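# Structural overview for review
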Amino acid sequence: MARAAAKSHVPADSSDRAANLRVAAVFGEIADLLEVEGQNPFRVRAYRNAAHELGGLGRDLAAMVAAGDDLTELPGVGDDLAGKIAEIVDTGSCAALDELHRAWPPTIHDVMRVPGVGPRRARSLFEQLAVRTLADLRAAAEQRKIRELPGFGATSERNILDALAGLLGTGRRLPLADARVHGERLLARLRAAPGVIEAVIAGSYRRALATVGDLDFLVTARSHNGAIAALVGAPDVVHVLAEGPTRATVVLRSGLQVDLRVVGRDSFGAALHYFTGSKAHNIAVRRLGVARGLKINEYGVFRDERRIAGRTEASVFAAVDLQFIPPELRENRGEIAAARAGELPRLVAAEQLRGDLVLVEVGDEASAVVAAAAAAARARGQEYLLIVHEVPARARAHVDWAARLKAAAAACAEHELAPLQGLELDISQRTCPDEHVDFVAARLSHAPRGASHPALLRIVGGAREGDAARDPTALVRMAVGGALAVVGDPARLTALEPELQAARAAGVPVVLGSGGEPGGGQASRLELAVSQARRAWFEAEAVVNSRPLAEVRELLAPRRQARRRA
DNA sequence: CAGCCGTGGCTGAGCGAAATCATTTTCGC
């Protein structure tokens, strides 16, 4: 089926986070070079922390600098880094980095990225073999010079060559849905291994991060267990990076890195909490423990030498007087204070959705797409379907919209589902071309090249078209009075976090849906959309399609007279 | 370098695990 050519009607907001990303990149590079230099680890960490915080910041640093905001209010930013942020925003770089570049080549941080090469070895390679780039590194290894260096050997040299040949982990992050395919298969294998009591996936996968860098398996086992052997012997393992009695690391053919840890039953909760992360969350929880005279590690919660908790995750939280915190919230973004106060959100769950959201393109046979989605929705016990018909400006005049709407409605009726139909207009279109729709949607970017449908859609409701979305908050401002639709298409569901957070903060409701692909998989797509909303602290109350049909119809109805209010 | 309360000087998460080399480095949360 021919897909319409990719069109982005709104300038990508990436241009507006460019300043944030630039600052994060500069700080990250400074951290690397300071580390190579052997500087104070806490100074290095300060740059890394700031890079991490600013990279995920939902506000535009350039705008903050322009407005003269106090940057030291930002987490991990003090007087010094505030000055450097302003400098980077204004000039694109900063003197501190330029200074480091006089001593170390900028490309040395590529060398550091090679698995098995850290700051110490990168420095040694540079100083003794003049290795500045990955090409230099390869040449040095091929000429068997690396094995001559103190601290290296023939094995290290071999491993470096393997890494450069791409045999080892690629370091790229995989969309959550792709990781799930690998994860479920390995999970089944581990569960079937001798001695294994329980096997789960922790890490960023469990936190439902939109992309994951690796898979963390946690296994509890009887004294003798075959989990390690089962992992290293799995069919698509191409490299074993580490293999010990309690831990193993392998690389799959896809380039995905997989870590496995084996702990005793009594440590399962503590280990699950620890290996689910995030790192920032763990540090914060551990700090609570220290304040209570407790030691928290992956084996349990200890008072002196005595284990007082750790068999379940809940027991770990309880030991530091916290409610159980859902994995999606464990990013140290306020969840700990909320859990202490007993004010955690009741996160939306997929089972609460009463209807799915489907996007239909002009090239599609609308009734077929809708029928597939309707069948899946019905199977989930849902009551209605929100159908969005794409309306590209050029095709508008040549399409019989009335017939398409009717066909889609019929397809719904066949599965005893109520249809709510809307048209998706170009952002520049100010008027609705058809009076007989239930709502109007506007496209909001986030469509990568090759993808026609966006992952984010503004359901307009009664609001007037605004200026093009230029940053997350602007995007959300546009949706005020309407709703933001989130489609769980794995390929398009990356980096929506700032928008979703901004939406929740602004009280903008969301519509969560599978998007409806005829090939099936609606359930996992729906759950993907839900998981991202959960990460942004959404409760069912703020999710439009958790409500009954009549309410949704009312909420989304175009209010054509309602225009600009004072 | 940030953050904290002893507002200038201190602490900062920190250890386990494994590889690899010969005692240190890397990596993970």
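Scroll up a little and you will see the structure.
Everything numeric in this text was worked out from a predicted model, so none of it was measured. (Residues numbered from 1 in each chain as written. Chains lettered and ligands numbered in written order. Predicted model: local features only at pLDDT ≥ 70, side-chain atom pairs only at ≥ 80, totals over all residues. Heavy atoms only, no water.)

The next thing to look at is the protein's contact with DNA strand B. Taken together, the neighbourhood of DNA strand B is formed by 44 residues, with R45, G118, G153, Y274 and R287 sitting nearest. Put simply, 74% of the atoms of DNA strand B that lie within 4 Å of the protein are in sugar or phosphate. At 2.9 Å, a backbone N or O of E243 approaches a phosphate oxygen of DNA strand B. The dominant element in the surface near DNA strand B, judged by the number of residues it contributes, is helix α2 (residues 41-55), at 5 residues. Looking at the surface near DNA strand B residue by residue, the classes come out as 15 nonpolar, 16 polar and 13 charged. (Near = heavy atom within 4 Å. Polar contact = N/O pair within 3.5 Å; in protein donor to acceptor, adjacent residues only side chain to side chain. Helix = DSSP H or I, 4+ residues; strand = E, 2+ residues; numbered from the N terminus. Nonpolar A, V, L, I, M, F, W, Y, C, P; charged D, E, K, R; others polar.)

This paragraph deals with the packing of helix α8 (residues 134-142) against helix α9 (residues 154-164). The relative placement of two packed helices is expressed as an angle between their axes plus a distance between the axes. One can describe the packing of α8 onto α9 by two numbers: an axis separation of 10 Å at closest approach and a directional angle of 135 degrees. For the element pair α8 / α9, the angle class is oblique. Relative to α9, the crossing made by α8 is left-handed. Only E157, I160, L161 and L164 of α9 make contact with α8, whose side of the interface consists of L134, L137, R138, A140, A141 and E142. When grouped by side-chain class, the residues that make up the contact of α8 with α9 number 7 nonpolar, no polar and 3 charged. (Axes fitted to C-alpha atoms, helices over the stretch in contact; angles between N-to-C directions. Parallel < 35°, antiparallel > 145°, perpendicular 65-115°, else oblique. Left-handed = near helix turned anticlockwise from the far one by under 90°. Contact = heavy atoms within 4.5 Å.)

Turning our attention to the pattern of salt bridges. Overall, the coordinates contain 20 salt bridges when judged by the stated rule. The partner of R292 in a salt bridge is D321, and the shortest N-O contact between them spans 2.9 Å. Here R292, found in the loop between α14 (279-291) and β8 (295-297), pairs with D321, found in the loop between α15 (313-319) and α16 (335-340); they are 29 residues apart in sequence, far enough to count as distant. Relative accessible area serves as the criterion here: at 28%, R292 is assigned to the partly exposed category. When the shortest N-O distance is used, the salt bridge between E328 and R534 registers 2.7 Å. Residue E328 is located in the loop between α15 and α16, and its partner R534 is located in helix α21 (residues 522-535); the two are separated by 206 residues in the primary sequence. (Salt bridge = Lys/Arg side-chain N within 4 Å of Asp/Glu carboxyl O. Buried < 20%, exposed > 50% of the residue type's maximum accessible area, 1.4 Å probe, protein only.)

This part is about the packing of aromatic side chains. Throughout the structure, instances matching the rule amount to 4 aromatic pairs. Centroid distance F317 to F324: 5.5 Å. Interplanar angle 80 degrees. Geometry classified as edge-to-face. Look at F317 and you get buried, because its relative accessible area is 0%. Of note, R121 hangs over the ring of F152, and the distance from its end group to the ring centre comes to 4.7 Å. (Phe/Tyr/Trp six-rings, centres within 6.5 Å; stacked < 30°, edge-to-face > 60°. Lys NZ or Arg CZ within 6 Å of the ring centre and 35° of its normal.)

The strand order across the open sheet formed by 5 strands is β2-β4-β7-β6-β5, and the pairing between neighbours is mixed. At either margin of the open sheet sits one strand with a lone partner, and together these are β2 (196-201) and β5 (237-243). Averaged over neighbouring strand pairs, the angle between their axes works out to 20 degrees when direction is ignored. As paired strands, β2 and strand β4 (residues 214-221) are joined by 5 bridges and run antiparallel to one another. Paired with V200 across the bridge in β4 is L218. Its contacts with the sheet put helix α13 (residues 268-276) on β2, β4 and β7 (257-263), and the angle it makes with β4 is roughly 175 degrees. (Pairing = 2+ DSSP bridges.)

Note that all results are geometric; they support no functional claim without further evidence.
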